[in-house]
Number of protein chains: 2
Amino acid sequence: MPESIPIAATDAQIAAVTFNEDGLVPAIVQEQGTGQVLMMAWMNADSLRTSLETGRTWFWSRSRQEYWCKGETSGDRQYIREAYYDCDGDTLLFVVEQEGKGACHTGNYSCFFTAFGPEAESGAEPAAEPAAGD
Amino acid sequence: MPESIPIAATDAQIAAVTFNEDGLVPAIVQEQGTGQVLMMAWMNADSLRTSLETGRTWFWSRSRQEYWCKGETSGDRQYIREAYYDCDGDTLLFVVEQEGKGACHTGNYSCFFTAFGPEAESGAEPAAEPAAGD
C-alpha cells in the first residue's frame, strides 16, 4: 500500500483559498507521473484540511451532503503527492498516486472518458501523454 | 500561428453536459504533450458551443459577466486539440496547444504555481511531468 504523506500547509496558504457561496472549492485530481486528469470534485474547508493532514483526498458530496474519502469503499485510494491552489485561490489541484482500478465509479480509469466530436466513443480515454499534432 | 481546428460535437454530446444553477460548467485546461494543468475557468452553453466551433477556448467571466476568449488581448491563445466531459457531465476537460507565455495573467505558465506545504514558494510551478516519489 502506498504511503500516506501529510502536507504541512501554513495558515496563510489555507487562508488564501476562496470558497464559493456554498463553502466549496473545486479540486482537480491529476495522476502523478502520467499527468492524466482523473476527476474533479468539491472540497469544503474541513475536507481540504483533512486531505492535507492525512495525505488522502477527502471531498464533500453535494448530492449526499456528506464527506467522502476517495477509495474508502472501492479501495481505489488516492495518495496526495503535491497540492496547489491557483492564482485566484478558487481552484485546487492535487497530484496523486492513484491506487487500484482508477478514479471513476464507472470503472474507467479517468472520469473524462467521453470526447466531444464525431469520432468520439465512450471508453476513449484521453491519453496520459496526448500525441503531438493530433 | 497554430491552426484552429473545430470539433464537430453532436447534439447528444452537448445535451450530456450539465450546467449549474448559474448556467455554468467548470472547464479544466490541460496542455497537450506535457499534460500540465494550466487553468480552470467557467463556460456557459454558448461559450462551450463557441469553443467547439472555433477551436479556441471561450469562457464566461463571473466577475465581469461577459464572454472572454483566452489570449484575445494577451496573445497567449489556446488551440483546442481534444475536449472531454466527465462521467457526470458536470465538468469539462480541454487539451490545448498553449501559445505564448502561458495561461496565467500573473505571468506564470500555469495558474497552479503555488504549492501547499512548508517548502512552498510562489513561483514553484508543478512540473509538467511530476517527479516520482516526491
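Conventions we followed
Residues numbered from 1 in each chain as written. Chains lettered and ligands numbered in written order. Predicted model: local features only at pLDDT ≥ 70, side-chain atom pairs only at ≥ 80, totals over all residues. UniProt positions renumbered as here; feature names shortened; annotations may be inferred. Contact = placed C-beta atoms within 7 Å. Helix = DSSP H or I, 4+ residues; strand = E, 2+ residues; numbered from the N terminus. Nonpolar A, V, L, I, M, F, W, Y, C, P; charged D, E, K, R; others polar. Pairing = 2+ DSSP bridges. Least-squares fit on C-alpha atoms with pLDDT ≥ 70 in both. Buried ≥ 20, exposed ≤ 12 C-beta atoms within 10 Å, placed from the backbone. Arc of directions from axis to C-beta.

- Under an unreviewed UniProt entry, the name given to chain A is Histidine biosynthesis bifunctional protein HisIE, and the organism recorded is freshwater metagenome.
- Quoted verbatim from the Catalytic activity (unreviewed entry) field of the UniProt record, the comment on chain A reads "1-(5-phospho-beta-D-ribosyl)-5'-AMP + H2O = 1-(5-phospho-beta-D-ribosyl)-5-[(5-phospho-beta-D-ribosylamino)methylideneamino]imidazole-4-carboxamide".
- Recorded in UniProt under Pathway (unreviewed entry), the annotation for chain A is "Amino-acid biosynthesis; L-histidine biosynthesis; L-histidine from 5-phospho-alpha-D-ribose 1-diphosphate: step 3/9."

### With respect to the interface of chain A and chain B
Often, the extent of an interface is quoted as the loss of accessible area upon association of its parts.
Here comes step 1: Of the residues lining the interface, 38 residues belong to chain A; the matching set on chain B comes to 38 residues.
Here comes step 2: Those elements that provide at least two residues to the side of chain A that touches chain B are β1 (25–31), β2 (37–43), β5 (78–85), β6 (92–98) and β7 (114–115) of chain A.
Here comes step 3: Looking at the side of chain A that touches chain B, the element that brings in the most residues is β5(A), giving 5 residues.
Here comes step 4: Here the residues of the side of chain A that touches chain B are counted per class, giving 24 nonpolar, 9 polar and 5 charged.
Here comes step 5: Bridge count between β7(A) and strand β5 (residues 78–85) of chain B: 2 bridges; the pairing is antiparallel. The residue of β5(B) that forms the bridge with T114(A) is Y85(B).

### A few points about the relation of the copies chain A and chain B
Here comes step 1: Least-squares fitting of chain A to chain B yields an RMSD of 0.0 Å, with the transformation described by 0.0 Å of translation along the axis and a rotation of 180°. What the rotation and shift describe, once combined, is the action of a two-fold rotation axis. Identified as the residue of chain A closest to the rotation axis by C-alpha distance is G35(A), at 2.5 Å.
Here comes step 2: Comparing interface residues between copies, 100% of those in chain A also sit at the interface in chain B, which points to an isologous, same-surface contact.

### Considerations on the pairing of strand β4 (residues 66–69) of chain B
Two faces make up the sheet, and in a regular strand the side chains alternate between them.
Residue and element names in this part refer to chain B.
Here comes step 1: Sheet topology note: the strand β3 (residues 58–61)/β4 ladder contains 4 bridges and is antiparallel. Residue pairing across strands places W58 opposite C69, the latter belonging to β4.
Here comes step 2: Taking the residues between adjacent antiparallel strands as the criterion, β3 and β4 are bridged by 4 residues, where Q65 takes a positive phi near 55°.

### What about helix α2 (residues 45–54) of chain B?
Because an α-helix packs 3.6 residues into every turn, residues spaced three or four apart end up facing the same way.
Residue and element names in this part refer to chain B.
Here comes step 1: For α2, the set of buried residues is S47, L48, S51 and L52. Down the axis of α2, the sector holding all buried residues measures 135°, keeping them to one side.
Here comes step 2: Looking at the buried side of α2, the elements it contacts are β2 (37–43), β3, β4 and β5.
Here comes step 3: Phi turns positive, to about 75°, at G55, one or two residues after α2.

### Focus on the UniProt feature "domain: Phosphoribosyl-AMP cyclohydrolase" (unreviewed entry) in chain A
Here comes step 1: Taking the UniProt record as the reference, the feature "domain: Phosphoribosyl-AMP cyclohydrolase" (unreviewed entry) is found at residues 39–113 of chain A.
Here comes step 2: Annotated as 13% helix and 37% strand, the span residues 39–113 of chain A places its first and last C-alpha atoms 10 Å apart.

### Things to note about the environment of G33(B)
All names here are of chain B.
Here comes step 1: Secondary-structure assignment places G33 in the loop between β1 (25–31) and β2.
Here comes step 2: A tally of 18 C-beta atoms within 10 Å means that G33 is categorised as partly exposed.
Here comes step 3: C-alpha of G33 to C-alpha of E97: the two residues are 64 residues apart in sequence and 8.5 Å apart in space.

### Some words on the sheet that holds strand β6 (residues 92–98) of chain B
Here comes step 1: What the 5 strands build is an open sheet, ordered β7(A)-β5(B)-β6(B)-β1(B)-β2(B); its pairing is mixed. The open sheet is flanked by β7 of chain A together with β2 of chain B, the only strands paired with a single partner.

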